[in-house]
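Results of the structural survey
Below are the chains, spelled out letter by letter.
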Amino acid sequence: MHDDTLDTGCSEYRSLARRDFLIRGAGFGIAALVPSWLPNVVLAQSSSTRDIIISVFLSGGTDGMSLVVPFGDPDYYTGRPNIAVARPDAAGSGPKAVALDNFFGFSPGMAPLMPAYTAGDLLVAHATGSVDTSRSHFDAQRYIEVGKPQDLNLSTGWLGRHLATVTPLRSSAPLRALGLTSGLPTTLVGGPKTLPISNPANFRIDGSSTTANARTQFLAANYAQTIDPVSANALDTTNTIALLQTINFSGYTTQNGAVYPNTGFGNSLKSSAALIKADVGVEAIHAFLGGWDTHTLQGNIPGVDGQGMHNRMLELSSSLAAFYADVIQGTTANGVTVVVISEFGRNARENGDKGTDHGRGNVAFAMGKKINGGRVLTDRWPGLARENLESGQDLRVTMDHRDILAEIVQNRLGNSNLSTVFPDYTPRNRGVTKP
């Protein structure tokens, strides 16, 4: 599923039909429906060594070599004469990469993440991705979301199967996971007590506010008499509406001076922070940030070609940086781990329109206090000389992205059922997490 994106480069995206909301819209009060199990919303009500996970999907196929620049590879500059980001030590006062080590650097648009990186809490993985070679946005995204390439029969997502095979953090929680979308993301399909909630601050039943209470009471009473899973799902939904209304999203105060961008993605992470700190049993949140399908005038450098991708990188990095300061460095009952991936990278060489076309190898990010960060993880940089490129045009995938996810599932989410979460795959330990 793909939501709130601006992708316009491909006919695939132009034909995308948005799903209708199941529940949304006008607000109303249902305080009278608050059930007896509803916990008081306080900080640190539960604790566990298990982390809560925030999963972010960069839909559109982001250009990882613009997010994290391999300035140490001279072929990067040969293949990208117009869109390459200058080395950190380049002469002049123009935009330059911010060095992460002596080979890789953040683009200026990713610089807000430097505090998390220098603190050792942000890991960058490069030349990673799916082993599937599809360059279709939707096929590639689907295979990553279900956690297994080229399996059209697998309908549940890797994060949904994780939730289905681990005990809840809070046994009475009506909501264990949510997708910040209008339809349930494939990543979360199969998860118990999991709902699509595009805006937790405004999760309501559509229709007139004057009859909202009566309609909600009708739903709760009527579906209570039906069989599961219909009854359970309906009651979980009405209970979730009641639960979310106890959280003061609009009045949420951040910690450590964190300022979230006033954008859809920034506000999504801010709402996620409020949910996590309310400690109501939410274990997983999945969000999308689109607009990475940069075939024309990529604009990854400040002040160049409309700087569209630079602005998108700033939205991503500033939102994650605020979440890092507010939540990961703040006070929470549980630890929190963030993962960021995309369906594929872009060609190693720019095209004739100062953009990049669909490619293969990409970057991924993991962030948290138990992430072994402060470094760029590679499985031997494959190189950008033409003879080293996949099909003569793409950065090779040298590290299956499931290695990163599986280690987090096992070591930070406390789930050893990796054969269920990632069927028919034996992950390799990459040292992504810390003890």
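You'll find the structure just up there.
One structure accompanies this document, and this report is about it. (Residues numbered from 1 in each chain as written. Predicted model: local features only at pLDDT ≥ 70, side-chain atom pairs only at ≥ 80, totals over all residues. Heavy atoms only, no water.)

Comments concerning the overall build of the protein chain
Along the backbone of the protein chain there are twelve helices and twelve strands. Here the protein chain, with 435 residues, has 57% of them falling under the buried criterion. Sequence separation of at least 24 residues holds for 73% of the intrachain contacts in the protein chain that already meet a minimum separation of 6. Carbon and sulfur atoms provide 50% of the accessible area of the protein chain, an area that totals close to 16,500 Å². (Helix = DSSP H or I, 4+ residues; strand = E, 2+ residues; numbered from the N terminus. Buried < 20%, exposed > 50% of the residue type's maximum accessible area, 1.4 Å probe, protein only. Contact = heavy atoms within 4.5 Å. Areas by Shrake-Rupley, 256 points an atom, 1.4 Å probe, with all protein chains shown as cover.)

Digging into the nonpolar core
Of all hydrophobic cores here, the largest spans 76 residues; its most connected members are L67, F106, F323 and F365. In terms of residue count, the dominant contributor to this core is helix α10 (residues 308-328) (eleven residues). Ignoring any residue separated from it by four or fewer positions in sequence, one finds F365 in contact with L67, V68, F106, M110, L122, L123, V124, V338, V339 and V340. If you look at the next biggest cluster of nonpolar residues, it comprises 30 residues, including W158, I371, I404 and A406. (Core = buried A, V, L, I, M, F, W, Y, C linked by side-chain atoms within 4.5 Å.)

Focus: empty space enclosed by the protein
Applying the stated rule across the entire model yields three cavities of 30 Å³ or more. Volume-wise, the largest cavity comes out at about 60 Å³. Considering the residues around the largest cavity, the lining is formed by ten residues, among which I52, D279, G281, V282 and N334 are closest to the centre. Broken down by class, the residue content of the lining of the largest cavity amounts to six nonpolar, three polar and one charged. The calculated volume of the second largest cavity comes to roughly 40 Å³. Lining the second largest cavity are T128, G129, I144, I341, S342, N362, V363, A364 and H401. At the level of secondary structure, the elements contributing two or more residues to the lining of the second largest cavity comprise β5 (122-129), β9 (336-342) and β10 (362-367). At three residues, β10 tops the list of elements feeding residues into the lining of the second largest cavity. Broken down by class, the residue content of the lining of the second largest cavity amounts to four nonpolar, five polar and no charged. (1 Å grid on protein atoms, 1.4 Å probe; cavity = no way out; pocket = protein on both sides within 12 Å on 5 of 7 lines; lining within 4 Å. Points joined across faces, edges and corners; volume = space filled by probe spheres on them. Nonpolar A, V, L, I, M, F, W, Y, C, P; charged D, E, K, R; others polar.)

Topic: the sheet that holds strand β2 (residues 68-69)
Strand order in the open sheet made by the three strands is β2-β4-β3, with antiparallel pairing throughout. Each end of this open sheet is capped by a strand with a single partner; those strands are β2 and β3 (98-99). Here β2 runs beside strand β4 (residues 105-106); their pairing, made up of two bridges, is antiparallel. Its bridge partner being in β4, V68 is matched across the sheet by F106. (Pairing = 2+ DSSP bridges.)

Points about the packing of aromatic side chains
This structure, assessed with the given rule, holds seven aromatic pairs. Their ring planes at 80 degrees and their centres at 4.8 Å tell us that Y76 and Y77 sit as a pair that is edge-to-face. Since its relative accessible area comes to 1%, Y76 is described here as buried. For Y77, a relative accessible area of 25% corresponds to the partly exposed category. Where F106 meets Y117, the ring centres are 6.2 Å apart and the plane angle is 70 degrees; that geometry is what we call edge-to-face. (Phe/Tyr/Trp six-rings, centres within 6.5 Å; stacked < 30°, edge-to-face > 60°.)

Focus on the side chain of T294
Inspection of the secondary structure assignment puts T294 in the loop between β8 (284-288) and α10. Once residues lying within four places of it in the same chain are set aside, the contact partners of T294 are M309, R346, G355 and T356.

Points about the side chain of R402
With respect to the helices and strands, the residue R402 is situated in helix α11 (residues 401-411). Overall, R402 belongs to the buried group, its relative accessible area being 6%.

Regarding unusual backbone geometry
Even without a glycine there, the phi angle at D305 is positive, about 50 degrees. Tracing the chain through its elements places D305 in the loop between β8 and α10. Owing to a relative accessible area of 26%, D305 belongs among the partly exposed residues under this scheme. Unusually for a residue other than glycine, D424 sits at a positive phi of about 60 degrees.

Regarding helix α9 (residues 264-278)
For α9, built from 15 residues, the straight-helix expectation of 21 Å at 1.5 Å per residue is met to within 8% by its first-to-last C-alpha distance of 21 Å. Most of α9 is tucked away: twelve of the 15 residues are buried. Along α9, the residues that are buried comprise F265, G266, S268, L269, S271, S272, A273, A274, L275, I276, K277 and A278. Backbone geometry just downstream of α9 places D279 in the positive-phi region, at approximately 55 degrees. (Expected span 1.5 Å × (residues − 1).)

Examining the pairing of β9
Among the seven residues that make up β9, seven are buried, leaving the element largely enclosed by the rest of the structure. Burial of β9 is two-sided: the residues V336, V338, V340 and S342 facing one way and the residues T337, V339 and I341 facing the other way are all buried. Here seven bridges tie strand β1 (residues 52-58) to β9, and the two strands are oriented parallel to one another. Its bridge partner lying in β9, I52 is registered against V336. Direction of pairing for β9 relative to β10: antiparallel, over a ladder of three bridges. Bridging from a neighbouring strand, V339 pairs with A366 of β10.

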